[in-house]
Amino acid sequence: MNEVSLSFGAQGCLSATLTLPAGEAPSPLGVVLLNVGVIHRIGPHRFNAKLARALAREGLATLRMDLSGQGDSGTPEQALPFEEQAVAELRCAMDHFQRICPVERFAIAGICSGAYSGLAAALADQRVVALWMLDGYAYPTPRARWKRFTDR
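Residues numbered from 1 in each chain as written. Predicted model: local features only at pLDDT ≥ 70, side-chain atom pairs only at ≥ 80, totals over all residues. Heavy atoms only, no water.

Section: the side chain of glutamine 70
Along the chain, glutamine 70 falls in the loop between strand 4 (62-66) and helix 2 (82-100). Assessed through its relative accessible area of 17%, glutamine 70 is described here as buried. Once you skip the residues sitting within four places of it in the chain, glutamine 70 turns out to touch Asn35 and Gly37. (Helix = DSSP H or I, 4+ residues; strand = E, 2+ residues; numbered from the N terminus. Buried < 20%, exposed > 50% of the residue type's maximum accessible area, 1.4 Å probe, protein only. Contact = heavy atoms within 4.5 Å.)

Re the sheet that holds strand 1 (residues 2-8)
Sheet architecture is open: six strands sit in the order 1-2-4-3-5-6, paired in mixed fashion. Each edge of the sheet is formed by a strand with only one pairing partner; in this case those strands are strand 1 and strand 6 (128-134). Neighbour-to-neighbour, the strand axes of this sheet turn through a mean angle of 20 degrees, independent of strand direction. Here strand 1 runs beside strand 2 (residues 14-20); their pairing, made up of seven bridges, is antiparallel. Opposite leucine 6, over in strand 2, you have alanine 16 as the bridge partner. This element, helix 1 (residues 47-57), spans strand 1, strand 2, strand 3 (29-34), strand 4, strand 5 (105-111) and strand 6 of the sheet and lies at about 160 degrees to strand 4. (Pairing = 2+ DSSP bridges. Axes fitted to C-alpha atoms, helices over the stretch in contact; angles between N-to-C directions.)

A look at the pairing of strand 5
With respect to burial, strand 5 is a largely interior element, six of its seven residues being buried. The sheet contact formed by strand 3 and strand 5 spans five bridges and is parallel. Among the inter-strand pairings, leucine 33 is bridged to a residue of strand 5, identified as alanine 109. In terms of strand pairing, strand 5 meets strand 6 through six bridges, oriented parallel.

Here's the deal with empty space enclosed by the protein
Vacant regions in the atomic arrangement are exposed by a probe of water-molecule size rolled over the atoms. Following the criterion strictly, the structure yields one cavity of 30 Å³ or more and no others. What lines the largest cavity is simply Asn35, Gly37, Leu67, Gln70, Phe82, Ser113, Gly114 and Ser117. Counting residues per element, the lining of the largest cavity draws most heavily on helix 3 (residues 113-124), which supplies three residues. Broken down by class, the residue content of the lining of the largest cavity amounts to two nonpolar, six polar and no charged. (1 Å grid on protein atoms, 1.4 Å probe; cavity = no way out; pocket = protein on both sides within 12 Å on 5 of 7 lines; lining within 4 Å. Points joined across faces, edges and corners; volume = space filled by probe spheres on them. Nonpolar A, V, L, I, M, F, W, Y, C, P; charged D, E, K, R; others polar.)

Some details on the state of the cysteines
Under the definition given, this model contains zero disulfides. No disulfide involves cysteine 13; its nearest neighbouring cysteine sulfur is the one of cysteine 92, lying 8.3 Å away. Among the residues examined, cysteine 13 registers a relative accessible area of 11% and is labelled buried. Free of any disulfide, cysteine 101 has its nearest neighbouring cysteine sulfur in cysteine 92, separated by 16 Å. For cysteine 101, a relative accessible area of 3% corresponds to the buried category. (Disulfide = S-S within 2.5 Å.)

Everything listed here is a matter of geometry and, on its own, says nothing about what the molecule does.
Rendered as structure tokens:
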């Protein structure tokens with residue numbers, strides 16, 4: 001297995017780690033692992049790093065990335081609203097991934113805000129064929145609305 005640190009995107013502000021299978025061509029499915037809120041691309045308890053290495057042993061190339069303003073990624077000069085910026089950066093990551101690795105389709109994995117960003121990208125880009133979301137959404141109930149109101 002090989003791991004390479006990357007910088008790409010507008011002004012080279014996005015940071016990522018590419019994990020490649022050892023001695024073989026990777027699967028045409030690439031996996032993008034997103035950072036979890038304020039936790040950088042290594043993930044909680046090194047979850048993303050461990051998962052990327054396990055996927056590499058199975059022949060899948062994996063890109064662990066920090067969205068702008070989080071982890072090691074800087075903030076672009078002209079930022080869009082949160083969801084649009086996340087989709088633009090994920091598209092940029094998939095484009096870069098395809099330039100350096102023979103992948104055709106993508107699976108995006110995200111926890112918490114990473115799940116939210118992954119879903120937005122999956123809805124916007126046909127290259128995303130799989131989505132793994134953990135702890136991404138909560139559906140409002142009367143009790144949840146009351147709690148939110150009283151917490152303010």
